[in-house]
Amino acid sequence: MIDMVSKGLATLEVSVKHSGSLFMYAGCEGGAYAKNSFGNIYTAVGVFVLGRTFQEAWGSRASKKQSKFNSYLERKRMCISMELVTAVLGDHGQRPQEDYVVVTAVTKLGKGKPEFYSTPEIICFCRKWRLPTNHFWLFSTRKSVTSFFAAYDALYEEGTATTVCKALDELANLSIPGSKDHIKMQGEILEGLVARVVTRDSSKRMKKVLKYSTPHLPVGVGLDLGPSLREICAANRSDEKQQIKTLLQNVGTSFCPSFVDWFGNGSTDAHSADADESFISKFLQANPSDLSTTKFQDIIRLMREKHIPAAFKCYYNFHKAESMSSDNLHFKMVIHVRNDSAFQRYQKQMRHKPGLWPLYRGFFADINLFNSSKERASQIAINSVDMIDNVPDSNDISGKGGLADEDANLMIKLKFLTYKLRTFLIRNGLSILFKEGPDAYKTYYMRQMRKWNTSEAKRGELSTMLEEWACYARRKYGNETLSGPMYLTEVEPFLENYAKRSRKNRALIGSAGNLVKAEDFLAIVDSGENEVGEVETANPSVVKDSVGKGEGLIVFFPGIPGCGKSALCKEILCSTGKLWDGLPVHSLMGDLTKGNYWKKVAEERNRNPSSVMLADKNAPTVEVWRRIEGICSSTKAFAVPVVPDCEGTDTNPYSLDALAVFILRVLLRSNHPGSLDKACPTAGYVLLKFYHFYDGQDRKVFEAELIECFGSIVKMPLLKPNRSPLPESVTSILEEGIDLFRLHSIKHRRLDSSKGTYAQQWAKWEKKLRDIIYINAEYLNSVQVPIDCAVKQVLKQLGTLAKGDYSRPRPITAKRKAGSIIFAAVNIPVTELQGLLHKLAEKNSEFDAFLKDKNVDRTLKQAHLTLAHKQNHGVTAVASYASVLHQNVPVEMTALFFSDRWAAMEAHPGSVDGEEVKSKNMWPHITLWTAKGAAAKESSTLPQLFFKGRATLIEIDPPVTVVGTIEFH
């Protein structure tokens, strides 16, 4: 990102990321709708807060303005996205002092792709309708952009709203304050920043908007608007439906003219009357009446064909109940993308199919399926052709058919550790702490911090604090689980007390103590949804590791039944002496083990810590991997995953070829200890269940995750590389089973396939599967790597691993100094400094005598000229050197000062590409030596000591120039 910007290609725009959830507002019939849903408590809270926003902004004219706004949005086919920040829907990073919304995006559905407004257009639009806007900063020069990233890196681990906003105000070329003050409304804990690349003339347009469009003062703040959101929720805590009804009644008819989206049409509940899943198939088969429908069909069709994980839900549209008939169906389709990896796979498809519209986290559409007369169908066809002909080339992103320029480029989220501490390390770790215990919890949070590239010092501080938090929480709650939606009730007082102990603790916590009594008004919410963490980009490096003395080894299998793990374990048991120099080897077969399998593994490890444990059980989920990590941590073991080697698909680390082979192996075995063999009537369903445990990960993500957890991976050969394609009949029966599994899971979750709506379809599929697999058995056997060859390859890898000769890939994040930047300096070559010192000693006997017992050649291992220090000069001063980072700069040495406690060289940096580099220190110098017990920073007092006669000065005439490199430390 910095490299791209440094070439002068773009401008950066930064805005605050609030600790809230996305809230979408559209003017179509139903009024306002919330993220991924409608007609529920989340939506009702959003509608109410938005209603109060209009009332405060427009006063007595609010209802009339809202009606006009609805009509405007519907006529223009627009959608307004907002961040909803509230305390009544559960805790996030910090409880807000007030409930509010902030506009984050404005979208217009034109003839091409959805067109996003640029930031100047958003501000202009919001000021027209008196909607609240975000705080924006514009960085339009190379120096300011690079300084921004350096400032974020310096503030990442301790940044709060005050320090971050102050730094950005100082660095930005243009700062536009938001309508809502984050500190007053929400507090000091800042979730993060959203930065995106925008066009170069963005600052010009922004200045023009600010000049001709001024914000309006609210006129309804002092009016009696009735009970507040928190009062309504508190008064109706026990009944969600009553909460919704009261909120809607208090917001007025302009926001909610009808309750049908919320409570149905009177005869049935709105959300129990789900439309049949076949509606989606009917929609995909229908002839589109316009371009938008065509593009929406393309999105859904692609997601289903490529098995991109998402929830599709259909609800009857009660607004159209009167016109509903078998020839005229109205329903709402909700799409919710839960897994971040879905976006990566979808974007990959967009590169191959540039006409695709983008995919978003959650959205819904009103669908109308109707039978048309010949005349109308003909007119629709003419209109569709005309619309498509007038859409610019989809490859031309600069045209109106593409996304707005400001969103066609890179956009990144930059979160702060003080927020992630609360949301990821504490809230998201509650279930692990209470269900799996402190050891598993520690494994979880240490792994998270490693993924974030948190500095070693900060990891130590956080680990100490989180260990104390774990003890505190477990002691207070015992075996009960602390409620996720209200977790800050316990966490904030704990953090406040912890912060009071020291200045270092206060910096670690960021801010604590601004408690809001959420228990008095908390809405009834489902705490099941977890926030997804950031995706780290990994690059392989080679690290050599081995099983250390006194350590044990756990060999486990993230595979699928039929992958060959039991055959491998038998071979390993016969090869113990060759592999691990006599270490005892134990195999624990899952199908023969009663009770909690992984608990048994931990007990065996405790009894025999210096042993090899073969965990002969499929370990398909991250939760299982976390258990294994915990066992390794508590018993000083080293774990290595063994996985069948295959290509995988876009959504699964195992290919259909591999799945077919696994199914064949299962169907060929008899008298299996776990009864999963040819006699099992649901064998195919069981294999699909294991296959779907990996759903949502391609092969690269799967392997990277394992390597991130355990440092290594051993691959067991499975399929021959030069094999013929999988027969079409096998592909079809597997895809049919995958689709059936998806339908079954949506409706029945984990219910066995022999029960439920699809029981008969499962029975037919199981029989058909067996027929096809047996017919193609010869092919499936021919494409496999012989099991004895595969076992030899695995034994070889395990043997070299045990001896320490195994070079294994380990993903490493880019080595940015996130959070650990303390100062900027010019690094000086030590050898040149040492040579200069010896020359000065030859000319000056006093200095020569000084050097004799100092052994500077050995003690002077690194040297630098400090340019700015975060503590002394501020974050922005340090960040200002980002534009010349890693550049060579000449440094002129002009004088040498020394005393009985310090020695330092006076030095003055030159210029880089015509830009003068100046040190913020009063006296720019390089510390060369300090006496035992003397602080290096005190060498800056040498000039004053010289004037007092307590130090010696040697002028360097003529000055000597060396070349150093500008770096962050």
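You'll find the structure just up there.
One open sheet accounts for 3 strands, arranged β10-β11-β12; its pairing is antiparallel. Of all the strands in the sheet, the pair left with one neighbour each is β10 (311–316) and β12 (362–370). Strand-to-strand twist across the sheet, computed as the mean angle between neighbouring axes with direction ignored, equals 25°. By the bridge criterion, 9 bridges tie strand β11 (residues 328–336) to β12 in an arrangement that is antiparallel. What sits directly across from His 336, in β12, is Gly 362.

All right, on to the sheet that holds strand β18 (residues 637–645) then. One open sheet holds the 5 strands; their spatial order is β16-β17-β15-β18-β19, and the pairing between them is parallel. On the outer flanks of this sheet lie β16 (585–589) and β19 (714–717), each paired with one strand and no other. Strand-to-strand twist in this sheet, taken as the mean axis angle between neighbours without regard to direction, amounts to 20°. In this sheet, strand β17 (residues 612–618) lies alongside strand β15 (residues 552–557) in parallel orientation, the contact comprising 4 bridges. Bridging across to β17, Val 555 finds its partner in Leu 614. The sheet contacts of helix α26 (residues 622–635) involve β15 and β18, and relative to β18 the element is tilted by about 150°.

Working definition: the covalent bond between the sulfur atoms of two cysteines is a disulfide. Applying the stated criterion across every chain yields a total of 0 disulfides. The thiol of Cys 126 is unpaired, and the distance to the nearest cysteine sulfur, on Cys 124, comes to 9.5 Å. Cys 126 gets classed as buried once you look at its relative accessible area, which sits at 1%. Left unpaired, Cys 569 is separated from the closest cysteine sulfur, that of Cys 563, by 9.3 Å. Judged by its relative accessible area of 1%, Cys 569 is buried.

Note that an α-helix has 3.6 residues per turn; residues three or four places apart therefore point the same way. If you check which residues of helix α6 (residues 161–171) are buried, you get Ala 161, Val 164, Cys 165, Ala 167, Leu 168 and Leu 171. Buried residues of α6, seen end-on, are gathered within an arc of 160° and therefore sit on one face of the element. Looking at the buried positions of α6, the neighbouring elements they touch are β1 (11–17), β7 (136–139), α5 (142–155), α7 (182–185), β9 (192–198) and α38 (875–879).

What follows concerns a positive patch on the surface. Residues Lys 313, Arg 338, Lys 689, Arg 749 and Arg 750 make up a contiguous surface patch of positive charge. By the secondary structure assignment, Arg 750 is in the loop between α30 (728–748) and α31 (759–775).

Further remarks concern the pairing of β18. Here β18 lies mainly inside the structure; 8 of its 9 residues are buried. Across 5 bridges, the pairing between β15 and β18 is parallel. Across the sheet, Gly 552 pairs through a bridge with Ala 637, a residue of β18. In terms of strand pairing, β18 meets β19 through 4 bridges, oriented parallel. Looking across to β19, one finds that Val 643 is bridged to Lys 715.

A few words on the packing of aromatic side chains. Using the criterion set out here, one finds 38 aromatic pairs in the structure. Residues Trp 762 and Trp 765 carry aromatic rings whose centres are separated by 5.6 Å and whose planes lie at 85° to one another, so their mutual orientation is edge-to-face. Here Trp 762 and its partner Trp 765 are both found in helix α31, 3 residues apart, which amounts to about one turn of the helix. Summarising the aromatic geometry, the rings of Phe 897 and Phe 946 are spaced 6.0 Å apart at their centres and angled 80° between planes, so their arrangement reads as edge-to-face.

The rules behind the values
- Residues numbered from 1 in each chain as written.
- Predicted model: local features only at pLDDT ≥ 70, side-chain atom pairs only at ≥ 80, totals over all residues.
- Heavy atoms only, no water.
- Pairing = 2+ DSSP bridges.
- Helix = DSSP H or I, 4+ residues; strand = E, 2+ residues; numbered from the N terminus.
- Axes fitted to C-alpha atoms, helices over the stretch in contact; angles between N-to-C directions.
- Contact = heavy atoms within 4.5 Å.
- Disulfide = S-S within 2.5 Å.
- Buried < 20%, exposed > 50% of the residue type's maximum accessible area, 1.4 Å probe, protein only.
- Arc of directions from axis to C-beta.
- Patch = residues over 30% accessible without salt bridge, like charges linked within 9 Å, V, L, I, M, F, W, Y side chains within 5 Å.
- Areas by Shrake-Rupley, 256 points an atom, 1.4 Å probe, with all protein chains shown as cover.
- Salt bridge = Lys/Arg side-chain N within 4 Å of Asp/Glu carboxyl O.
- Lys, Arg positive; Asp, Glu negative; His and termini not counted.
- Charge placed at Lys NZ, Arg CZ, Asp CG, Glu CD.
- Phe/Tyr/Trp six-rings, centres within 6.5 Å; stacked < 30°, edge-to-face > 60°.

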